[in-house]
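Chain residues, written in single-letter form:
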Amino acid sequence: MEEKEYGFIKEGKVFRKAFLDYTDKEIGEVKETEEAAMLYYKERFALAQAKVNEVEEKINATENKGSYLMKVLHLKETLHDFDAIGDFEFLYQKLNLLEEQLNSFIQQNRLKNLEIKTALLAELEEAVKSSEWKSATAEVKEVQRRWIKTGAVDDAEKERIEGTFKTLLDGFFERRTAFYADLEKMMKEKEANYQDFLEEAKKIKEIESYSVLVEKIRTLKEEWKDLGRIKADVRTDFWNQFQTIIKGALAKAKKEGKAKGNTGNKKENLESRSAFLKELAVLNESITPKANVKSLREQWKNFGPVEKVEMEKLQAEFLFLTDQIAEKQFIESLLHKKLKGKQNEADKERLRLKIIYDLLNRDKNELSTFQENLDKFNTSSGLDKLIGGKLELQERKVKVKEEILRQFKAGA
């Protein structure tokens, strides 16, 4: 038997010498000479060294050192089976040291993770108390995201802290689910109120007097506001049905008035138009009025005649109000396109003022240019009425925007 430092040859077989708790191990046989066989297996030891060195370098190069613990343990379990001759005991000493370092690092991390998760639990305990479900849900999900991102805690604490977190989380979402289920139930019940409202609204088709009809419509619109909250798409459908009923009643009243050769008492018509203008004035008090301008204009057309002098005043006021409502809606659409929902209310107010200033300056410039060019038009060809109408329209556009600017400033 020829003995070497970390291995030996016996009866034509190559053995790795015992080390630590591992016995002698046959790793090969002599194929040419004993020296060549020993040299081959000694050179293979460099591969075992490389495996250990590689994991050591990776551990030193990363912050997430704990992720390499299983790799170190795997090497400790398998390295002794590697067919090579060399100082395996030194490699195991290095692996044991790495294991100790990693365990220490993991323990420190788990203590740190425990501190973080304890703080997150405190945050969660406060968040789940809120009944402002939208904001509370966002806060809870943010805590949940940070919890998942935080690493594990010590096994002795894991069941307690993870269990407490899960209990709080489950309780919150169960209460939220119950709330929305109750809300859904209430909305379904309120839908029946809307249906009853529409049935009642259909009765306005029997009203013949414009003034009575308009007053009833105004009353119904006020009642609509108090019907309660339901799903937006369902409410929109009911609203469209309501508008159809109103249009039908107005059209029917107008048709019957013409069939009788009577478009209504002028005094009643004046009262109806005046009442409608008051309704528009209230609507126009809003910075962002919600109305269908086309529908408003159709309703105005359906009112009966009044004295010419009165009609001119009423028509001017109607145009001034509806132009403001339409212009405000246009400004709001520009505002949404520019902001894209990212700015706060202060930003909206500033941008809203900037938009109306820009539009007003544009209209003023157009009016000034039009007035400067008036002398160039040949009014003898019958264009004087057309030009006068254009001038009046441009002047009204300026006045409308000046009034809107005044309202915006007052509300700022």
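Above this text sits the structure in question.
Residues numbered from 1 in each chain as written. Predicted model: local features only at pLDDT ≥ 70, side-chain atom pairs only at ≥ 80, totals over all residues. Heavy atoms only, no water.

1. Topic: the overall build of the protein chain
What the protein chain contains, in helices and strands, is 12 helices and four strands. Over its C-alpha atoms the protein chain spans a radius of gyration of 43 Å, topping by over 25% the 22 Å that the globule rule assigns to 412 residues. Counting the 412 residues in the protein chain, one finds 33% classified as buried. Considering only intrachain contacts with a sequence separation of at least 6, the fraction spanning at least 24 residues in the protein chain is 69%. In the structure as shown, the protein chain presents an accessible area of about 25,700 Å², 51% of it carried by carbon and sulfur atoms. Of note, the protein chain has its 78 positive side-chain charges centred 10 Å away from the centre of its 78 negative side-chain charges. (Helix = DSSP H or I, 4+ residues; strand = E, 2+ residues; numbered from the N terminus. Rg over C-alpha atoms; globule rule 2.2 N^0.38 Å. Buried < 20%, exposed > 50% of the residue type's maximum accessible area, 1.4 Å probe, protein only. Contact = heavy atoms within 4.5 Å. Areas by Shrake-Rupley, 256 points an atom, 1.4 Å probe, with all protein chains shown as cover. Lys, Arg positive; Asp, Glu negative; His and termini not counted. Charge placed at Lys NZ, Arg CZ, Asp CG, Glu CD.)

2. Details of the side chain of Lys94
Position of Lys94 relative to the elements: it lies in helix α3 (residues 88–127). At a separation of 3.2 Å, a polar atom in the side chain of Lys94 contacts the side chain of Asn53. Excluding anything up to four places from it in sequence, Lys94 contacts Val52, Asn53 and Glu56. (Polar contact = N/O pair within 3.5 Å; in protein donor to acceptor, adjacent residues only side chain to side chain.)

3. A closer look at the environment of Gly304
Mapped onto the elements, Gly304 comes out in the loop between α9 (293–302) and α10 (308–339). For Gly304, a relative accessible area of 4% gives the class buried. For the pair formed by Gly304 and Lys267, sequence separation is 37 residues and the distance between their alpha carbons is 9.8 Å.

4. With respect to helix α8 (residues 266–283)
Spanning 18 residues, α8 covers 25 Å between terminal C-alpha atoms, matching the ideal 26 Å at 1.5 Å per step. When we look at burial in α8, the residues that qualify are Asn269, Ser272, Arg273, Phe276, Leu277 and Leu280. Within α8, the buried residues cover an arc of 135° as seen down the axis, which keeps them to one side. For α8, exposure combined with an orientation more than 90 degrees from the buried face picks out Lys267, Lys278 and Val282. (Expected span 1.5 Å × (residues − 1). Arc of directions from axis to C-beta.)

5. A closer look at the packing of helix α4 (residues 133–149) against helix α5 (residues 155–201)
In contact at an axis separation of 12 Å, α4 and α5 are set at 155° when each is read in the N-to-C sense. One finds that α4 runs roughly antiparallel with respect to α5. Crossing of α4 against α5: the hand is left-handed. Across the interface between the two elements, Trp133, Ala136, Thr137, Val140, Lys141, Val143, Gln144 and Trp147 of α4 pack against Ile161, Glu162, Phe165, Leu169, Phe172, Phe173, Arg175, Arg176, Phe179 and Tyr180 of α5. A breakdown of the residues in the contact of α4 with α5 according to their chemical character gives 12 nonpolar, two polar and four charged. (Axes fitted to C-alpha atoms, helices over the stretch in contact; angles between N-to-C directions. Parallel < 35°, antiparallel > 145°, perpendicular 65-115°, else oblique. Left-handed = near helix turned anticlockwise from the far one by under 90°. Nonpolar A, V, L, I, M, F, W, Y, C, P; charged D, E, K, R; others polar.)

6. Structural notes on the pairing of strand β3 (residues 13–16)
Relative to β3, strand β2 (residues 7–10) is paired through four bridges, and the arrangement is antiparallel. Among the inter-strand pairings, Lys10 is bridged to a residue of β3, identified as Lys13. In this antiparallel pair of consecutive strands, β2 and β3, the connection spans two residues, and Glu11 shows a positive phi of 55°. Bridge count between β3 and strand β4 (residues 25–29): four bridges; the pairing is antiparallel. (Pairing = 2+ DSSP bridges.)

7. Remarks on the environment of Leu102
Mapped onto the elements, Leu102 comes out in helix α3. Exposure remark for Leu102: the relative accessible area of 2% places this residue in the buried category. Residues contacting Leu102, with those up to four places away along its chain left out, are Ile59, Lys65, Tyr68, Leu69 and Val72.

8. Brief notes about the side chain of Thr150
Its location among the elements puts Thr150 in the loop between α4 and α5. At a separation of 2.8 Å, a polar atom in the side chain of Thr150 contacts the main-chain carbonyl oxygen of Arg146. Once residues lying within four places of it in the same chain are set aside, the contact partners of Thr150 are Asn113, Ile116, Lys117 and Leu120.

Function-wise, these values are silent; they only describe arrangement.
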